[in-house]
Amino acid sequence: MGRSVMNIVKTALLFGVLWGVLLAVGYMLGGNFIWIFALIGLVGTFISFWNSDTIAIRSMRARAVSAQEAPGLHRIVRDLADQAGQPMPRLYISPTQQPNAFATGRSPKRAAVCCTEGILQLLDERELRGVLGHELMHVYNRDILTSSVAAGVAGVITSLAQMALWFGGGRDRQGGGGIIGALLAMILAPLAATLIQLAISRTREYSADHDGAELTGDPLALASALQKISGGVAAHPLPQEQELQDAAHMMIANPFRGGGMGQLFSTHPPTEQRIARLQRLAQEMGRA
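Being a predicted model, the structure only gives us computed values, none of them experimental.

## Regarding the overall build of the protein
Next, step 1: Across its full length, the protein holds 11 helices and four strands.
Next, step 2: Of all 288 residues assigned to the protein, the portion counted as buried reaches 50%.
Next, step 3: Looking at the protein alone, contacts between residues at least 24 apart form 72% of all its contacts between residues at least 6 apart.
Next, step 4: Total accessible area computed for the protein in this model is approximately 13,700 Å², and 61% of it derives from carbon and sulfur atoms.

This is the structure in structure tokens:
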């Protein structure tokens, strides 16, 4: 089984576990109102997904650029879009020195690609092509929808657990052990939901690395870019603003650094693991 297919299977399994946590919380609460929260979460997810391009572009204070303003960027993206048989996305540049990039939009027809000034200055054309191939595959693989649904389900679980902790209720009201078990479940359920949501995000990053490298035919270009970007992100951290945190999972590299246990709560896999996978892919493609 190819790595791309394995990543799809892993994402499906993680979603299954996430929905299992939601159903378990609903069962413990023992109330039909879980469907009210689920509906609220669904509406919130839809709004977030529908406006994903606007929200992300605004968070990075990016501006649209024409082919005359950024001819190299337009040429690379148009070539990749044509190669994939997809429409040309809108292009934006963000005035920040952190080297980063992202693609967003609810469909290929509504796609937007954003690069920071920092990444355009740091990477050569081959490396930038590798990054843009990765980002376009996020749109083509419908990863924006995947991440929005995962965030929505995790949010419903957290809301239900918080309500249970504040107001009580559920099937385990009687008996001290049952109450303690229910309390532990309500505390641990949001943590589990968050970890699963982030695991889904990391799996989609691996898929975009793989599929983007196949689109460009040059896995080592993306590997080289990730190595440079990793150092640049550490040198130019972004402010901890909520809108930036919400858009972090879309970017080529996690804009907020974290190591050790922080990797559990990271939207992206470790850079060294991504590079190692790309190097193996290059060997398989005869490009090493």
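## Things to note about the environment of arginine 274
Next, step 1: Mapped onto the elements of the fold, arginine 274 is located in helix α11 (residues 271-284).
Next, step 2: Here arginine 274 falls in the buried class, since its relative accessible area comes to 1%.
Next, step 3: Not counting the four nearest positions on each side in its chain, arginine 274 is found in contact with His134, Glu205, Tyr206, Asp209, Leu226, Ile252, Ala253, His268 and Pro269.
Next, step 4: There is a polar contact of 2.9 Å between the side chain of arginine 274 and the backbone oxygen of isoleucine 252.

## Notes on the packing of helix α4 (residues 71-84) against helix α6 (residues 125-140)
Helix-helix packing: each pair is described by the crossing angle between the helix axes and the interaxial distance.
Next, step 1: For the pair α4 and α6, the least separation of the axes is 10 Å and the interaxial angle reads 50 degrees. By the angle between their axes, α4 is oblique relative to α6. At the point where α4 passes α6, the crossing takes the right-handed sense. The residues of α6 that touch α4, namely those facing Leu73, Arg75, Ile76, Val77, Asp79, Leu80, Ala81, Gln83 and Ala84, are Glu125, Leu128, Arg129, Leu132, Gly133, Leu136 and Tyr140.
Next, step 2: Taken together, the residues of the contact of α4 with α6 break down into 10 nonpolar, two polar and four charged.

## Re the packing of helix α9 (residues 219-235) against α11
Next, step 1: Packing of α9 against α11 leaves a shortest axis separation of 8 Å and a crossing angle of 165 degrees. Considering the angle they form, α9 stands roughly antiparallel to α11. The handedness of the crossing between α9 and α11 comes out as left-handed. Contacts between α9 and α11 involve Pro219, Leu220, Leu222, Ala223, Leu226, Gln227 and Ser230 on the former and, on the latter, Thr271, Arg274, Ile275, Leu278, Gln279, Leu281 and Ala282.

## Some details on the packing of aromatic side chains
Next, step 1: Taken as a whole, this structure holds zero aromatic pairs when the rule is applied.
Next, step 2: Positioned above the aromatic ring of tyrosine 206 is the side chain of arginine 277, whose terminal nitrogen or guanidinium carbon lies 3.6 Å from the ring centre.

## Section: the environment of leucine 160
Next, step 1: Along the chain, leucine 160 turns up in helix α7 (residues 143-167).
Next, step 2: Spatially, the C-alpha atom of leucine 160 lies 9.6 Å from that of alanine 189, the residues being 29 residues apart in sequence.

## A closer look at the sheet that holds strand β3 (residues 101-104)
Next, step 1: As summarised here, the arrangement of the four strands in space is β1-β2-β4-β3, forming an open sheet in which the pairing is mixed. Here the strands that pair on one side only, and so sit at the sheet edges, are β1 (63-64) and β3.
Next, step 2: Here α6 sits on the sheet in contact with β3 and β4 (112-116), set at roughly 30 degrees to β3.

## Side note on the pairing of β3
Two faces belong to every sheet, and in a regular strand the side chains alternate between them.
Next, step 1: Alternating residues of β3 divide into Ala101 and Ala103 and Phe102 and Thr104, and every residue in both groups is buried.
Next, step 2: Note: β3 against β4, four bridges, orientation antiparallel. Bridging across to β4, phenylalanine 102 finds its partner in cysteine 114.

## Quick notes on the nonpolar core
Next, step 1: Ranked by size, the top nonpolar core spans 36 residues in total, and within it Leu73, Ile119, Val131, Leu132, Ile229 and Ile252 carry the most contacts.
Next, step 2: Broken down by element, the residue count for this core peaks at seven residues, all from α6.
Next, step 3: Non-local contacts of leucine 132, meaning those with residues more than four positions away in its chain, are made with Leu73, Ile76, Val77, Leu80, Val113 and Cys115.
Next, step 4: In this structure, Ala112, Met250, Met251 and Phe256 belong to the second largest nonpolar core, which totals 15 residues.

## Brief notes about the pattern of salt bridges
Next, step 1: The final tally for this structure, using the stated rule, is eight salt bridges.
Next, step 2: Two residues, glutamate 127 and lysine 228, come together in a salt bridge whose shortest N-O distance is 2.9 Å. You can see glutamate 127 sitting in helix α6 and its partner lysine 228 sitting in helix α9, a full 101 residues away along the chain.
Next, step 3: On the basis of relative accessibility, which here comes to 5%, the residue glutamate 127 falls in the buried class.
Next, step 4: A relative accessible area of 34% places lysine 228 in the partly exposed class.
Next, step 5: Measuring nitrogen to oxygen at the nearest pair gives 2.8 Å for the salt bridge that ties aspartate 209 to arginine 274. With a gap of 65 residues between them, aspartate 209 in helix α8 (residues 176-216) and arginine 274 in helix α11 connect regions that are remote in the sequence.
Next, step 6: One continuous salt-bridge network, built from bridges that share partners, spans Glu205, Asp209 and Arg274.

Definitions and cut-offs
Residues numbered from 1 in each chain as written. Predicted model: local features only at pLDDT ≥ 70, side-chain atom pairs only at ≥ 80, totals over all residues. Heavy atoms only, no water. Helix = DSSP H or I, 4+ residues; strand = E, 2+ residues; numbered from the N terminus. Buried < 20%, exposed > 50% of the residue type's maximum accessible area, 1.4 Å probe, protein only. Contact = heavy atoms within 4.5 Å. Areas by Shrake-Rupley, 256 points an atom, 1.4 Å probe, with all protein chains shown as cover. Polar contact = N/O pair within 3.5 Å; in protein donor to acceptor, adjacent residues only side chain to side chain. Axes fitted to C-alpha atoms, helices over the stretch in contact; angles between N-to-C directions. Parallel < 35°, antiparallel > 145°, perpendicular 65-115°, else oblique. Left-handed = near helix turned anticlockwise from the far one by under 90°. Nonpolar A, V, L, I, M, F, W, Y, C, P; charged D, E, K, R; others polar. Phe/Tyr/Trp six-rings, centres within 6.5 Å; stacked < 30°, edge-to-face > 60°. Lys NZ or Arg CZ within 6 Å of the ring centre and 35° of its normal. Pairing = 2+ DSSP bridges. Core = buried A, V, L, I, M, F, W, Y, C linked by side-chain atoms within 4.5 Å. Salt bridge = Lys/Arg side-chain N within 4 Å of Asp/Glu carboxyl O.

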